Amino acid sequence: EGTQPTSTAFTYTTISTTPTQYGIYVEISDRLLKAAPTKILANAGKEIGSNMARIVDQVIQTEIMAGTNVVYSDVSVNTVRTDIATTDLITGTILAKAHTKLSSVDAPTIDGYYVGVAHPFVLGDLKIQSSGAYIEFNKYATPDKLFKGEIGALYGVRLVSSSNVQTFTSTTTVYPTLVMGAGAYGVTEWSSLETIYKPLGSGADALNQVASVGAKIDFAAKRLQENA
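Residues numbered from 1 in each chain as written. Predicted model: local features only at pLDDT ≥ 70, side-chain atom pairs only at ≥ 80, totals over all residues. Heavy atoms only, no water.

**Here's the deal with the sheet that holds strand β9 (residues 185–198)**
Argument step 1. The three strands lie next to each other as β1-β10-β9, forming an open sheet whose pairing is antiparallel. Lying at the two open borders of the sheet, with one neighbouring strand each, are β1 (20–29) and β9. For this sheet the average axis-to-axis angle between neighbouring strands, irrespective of direction, equals 10 degrees.
Argument step 2. Packed onto the sheet, helix α2 (residues 40–64) meets β1, β9 and β10 (210–223) and runs at close to 20 degrees relative to β10. (Pairing = 2+ DSSP bridges. Helix = DSSP H or I, 4+ residues; strand = E, 2+ residues; numbered from the N terminus. Axes fitted to C-alpha atoms, helices over the stretch in contact; angles between N-to-C directions. Contact = heavy atoms within 4.5 Å.)

**Notes on the packing of aromatic side chains**
Argument step 1. Applying the stated criterion to the full structure yields one aromatic pair.
Argument step 2. Seen in terms of ring centroids, Phe-121 and Tyr-175 are 5.5 Å apart; in terms of plane orientation they differ by 85 degrees. Their pairing is edge-to-face. Linking Phe-121 in helix α4 (residues 120–129) with Tyr-175 in the loop between β7 (173–174) and β8 (178–180), this pair joins segments that are 54 residues apart in sequence.
Argument step 3. According to the relative accessible area criterion, Tyr-175 is partly exposed, its value standing at 27%. (Phe/Tyr/Trp six-rings, centres within 6.5 Å; stacked < 30°, edge-to-face > 60°. Buried < 20%, exposed > 50% of the residue type's maximum accessible area, 1.4 Å probe, protein only.)

**What to know about the pairing of strand β4 (residues 150–154)**
In regular strands, side chains alternate between the two faces of the sheet.
Argument step 1. Among the five residues that make up β4, four are buried, leaving the element largely enclosed by the rest of the structure.
Argument step 2. Alignment of β4 against strand β5 (residues 157–161), held across four bridges, turns out to be antiparallel. Among the inter-strand pairings, Glu-150 is bridged to a residue of β5, identified as Val-160.
Argument step 3. Once β4 ends, the chain turns through two residues before running back antiparallel as β5, passing Tyr-155 with a positive phi of about 50 degrees.

**What to know about the nonpolar core**
The nonpolar side chains of a soluble globular protein tend to be buried with one another.
Argument step 1. In this structure, Leu-95, Leu-126, Leu-159, Val-179 and Phe-219 are the most contacted members of the largest nonpolar core, which totals 33 residues.
Argument step 2. Residue contributions to this core peak at six residues, all from α2.
Argument step 3. What Leu-95 contacts, discounting residues up to four positions off in sequence, is Leu-126, Leu-154, Val-157, Leu-159 and Val-179. (Core = buried A, V, L, I, M, F, W, Y, C linked by side-chain atoms within 4.5 Å.)

What follows is the structure, encoded as structure tokens:
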């Protein structure tokens, strides 16, 4: 009382990364444009956008999966991903361990939960094994605040389904589950996604035979908190 405490040191860490440009485009011939019964350019643009989203998602996953904070199956004693076998299925117990591990290092939650992203194959196994503890998303206190693809929650982890999960090669195909807290990783865009449409006759197309539609982005992702 009445005594000013000693100030505490504050450390600020800067994390740097280098931008990489990603792009994809398709060419459409003049004959196809004239003969197609659908709006083929618009359809191509939509598919280009979907593919770019998957490319960006894979870049993020590659960065996250290089992390060192890993929980393996209890079925066999694994220390590397290449040893995982077909019997190493995810269980509610493993998901609870991931929650405990993140909680033990004070990983920040997202609205009171951690978030797990998993392939439908994995979530199918999880729901069968953990039916009693599984919470359907429509039973949430706030069911209107869902992540895209969210299907429910189990042991403090909100589960998001994605078929675009990066796999590993082992004695079988390994589908990892990413369980994350707030601020686990960050992304940055040096330029926003740009869509490029070149009509017939543009560029060096002397006979007006080819149109193209594509997209590009300068993008990078970095892990910010290994413990999260």
